[in-house]
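Listed below, chain by chain, are the residues.
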Amino acid sequence: MKKRSKEKQYEELQIAEKKYGRSKFGLMANQVWNEDPKRITFTLARYKFVSKMLEGYNKVLEIGCGDGFGSRIVKQNVKKLELSDFDKIFLDDINNNVNKKWKLKTYQHDFVKDGKLISSNYDAIYSLDVLEHIKKKNEKIFISNINKSLKNDGVAIYGMPSLESQKFASKQSKIGHVNCKSGKDLKQFLQSYYKKVFMFSMNDEVLHTGFFPMSHYLIALCVTKK
């Protein structure tokens, strides 16, 4: 028989555990939590920003969801959230550890090779920590295929480490970071595809509108595709 808490309000914790079980970290979040726990707060802060910007939106897609650890923060604020990634290992991880309260539809899709997503016409699409993994020669088709899945008046959010941050990046990160950009270059690139691009910066978990070259992370909020 399980012991009860000395304070009655904490009995809810045991009720929740019985109802939902114990949550597991995803593949990526598990490594971070064990090797550099503070980085979890940086990642979740980015998802919190997306969730506030897209609050109330009807149909939203995340591209490059990884293990989906932060995705439920967005799901809290939108009516329907779907996830996609080109790597099946992450989608299997999400689906094998699904929580019935936070069940999410997933697609295996490569926005460079596979064109637009069949389930298109999204009100908003966001992609965090993906664009820097897309080779420069493929970035135009990557964005073009995303826009084919987005409504004309839709919103797109892109987040990536800044070019200036890379001298501090880990060896593991640098392997995949083939296309980091400065804040100025990221805005200029996205202005070719969207009528309005609003730029934000991050240092650790703090979001601001400060000096791009001193920012570790960049977020672009894009409105209305061209």
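Before reading further, recall that the structure is shown in the block above.
Residues numbered from 1 in each chain as written. Predicted model: local features only at pLDDT ≥ 70, side-chain atom pairs only at ≥ 80, totals over all residues. Heavy atoms only, no water.

## Some thoughts on the overall build of the protein chain
- Within the protein chain, the regular secondary structure consists of eight helices and eight strands.
- What you see for the protein chain is a C-alpha radius of gyration of 18 Å, in line with the 17 Å of a compact globule of 226 residues.
- Here the C-alpha coordinates of the protein chain stretch approximately 65 × 40 × 30 Å along the principal axes.
- Within the span of the protein chain, comprising 226 residues, buried residues form 45% of the whole.
- Residue pairs in contact within the protein chain that sit at least 24 positions apart in sequence constitute 63% of those at least 6 positions apart.
- Roughly 13,400 Å² of accessible area belongs to the protein chain as shown, and the carbon and sulfur atoms make up 53% of that amount.
- The distance from the centre of the 42 positive side-chain charges to the centre of the 25 negative ones in the protein chain is 3 Å. (Helix = DSSP H or I, 4+ residues; strand = E, 2+ residues; numbered from the N terminus. Rg over C-alpha atoms; globule rule 2.2 N^0.38 Å. Buried < 20%, exposed > 50% of the residue type's maximum accessible area, 1.4 Å probe, protein only. Contact = heavy atoms within 4.5 Å. Areas by Shrake-Rupley, 256 points an atom, 1.4 Å probe, with all protein chains shown as cover. Lys, Arg positive; Asp, Glu negative; His and termini not counted. Charge placed at Lys NZ, Arg CZ, Asp CG, Glu CD.)

## Some thoughts on the side chain of Ser51
- Relative to the helices and strands, Ser51 is located in helix α3 (residues 39–53).
- You can call Ser51 buried: its relative accessible area is 2%.
- Reaching out from Ser51, the side chain makes a polar contact with the backbone oxygen of Lys48 at a distance of 2.7 Å.
- Other than its neighbours up to four places away in sequence, Ser51 contacts Ile73, Val74 and Asn77. (Polar contact = N/O pair within 3.5 Å; in protein donor to acceptor, adjacent residues only side chain to side chain.)

## Considering the environment of Phe200
- Within the secondary structure layout, Phe200 lies in strand β6 (residues 194–203).
- Note: C-alpha distance between Phe200 and Lys19 (181 residues apart in sequence) is 39 Å.
- Once you skip the residues sitting within four places of it in the chain, Phe200 turns out to touch Phe49, Leu207, His208, Thr209, Tyr217, Leu218, Ile219 and Leu221.

## Here we look at the sheet that holds strand β1 (residues 59–63)
- Spatially, the eight strands line up as an open sheet ordered β3-β2-β1-β4-β5-β8-β6-β7, and their pairing is mixed. Among the strands making up the open sheet, the edge pair consists of β3 (105–108) and β7 (206–208). Strand after strand, the sheet turns through a mean of 20° between neighbouring axes, direction not considered.
- Note that β6 and β7 share three bridges and pair antiparallel. The residue bridging Ser201 from the neighbouring strand is His208, located in β7.
- The strands touched by helix α5 (residues 88–96) are β2 (80–85) and β3; relative to β3, the strand with the most contacts, the crossing angle is about 165°.
- Sheet strands in contact with helix α8 (residues 183–190) are β5 (150–161), β6 and β8 (217–225), and its direction is about 155° off that of β6. (Pairing = 2+ DSSP bridges. Axes fitted to C-alpha atoms, helices over the stretch in contact; angles between N-to-C directions.)

## Digging into a positive patch on the surface
- A cluster of basic side chains, namely Lys19, Arg72, Lys100 and Lys101, defines a positive patch on the protein surface.
- Among the secondary structure elements, Arg72 is positioned in helix α4 (residues 71–75).
- Judged by relative accessible area, Arg72 falls into the partly exposed class, the value being 31%. (Patch = residues over 30% accessible without salt bridge, like charges linked within 9 Å, V, L, I, M, F, W, Y side chains within 5 Å. Salt bridge = Lys/Arg side-chain N within 4 Å of Asp/Glu carboxyl O.)

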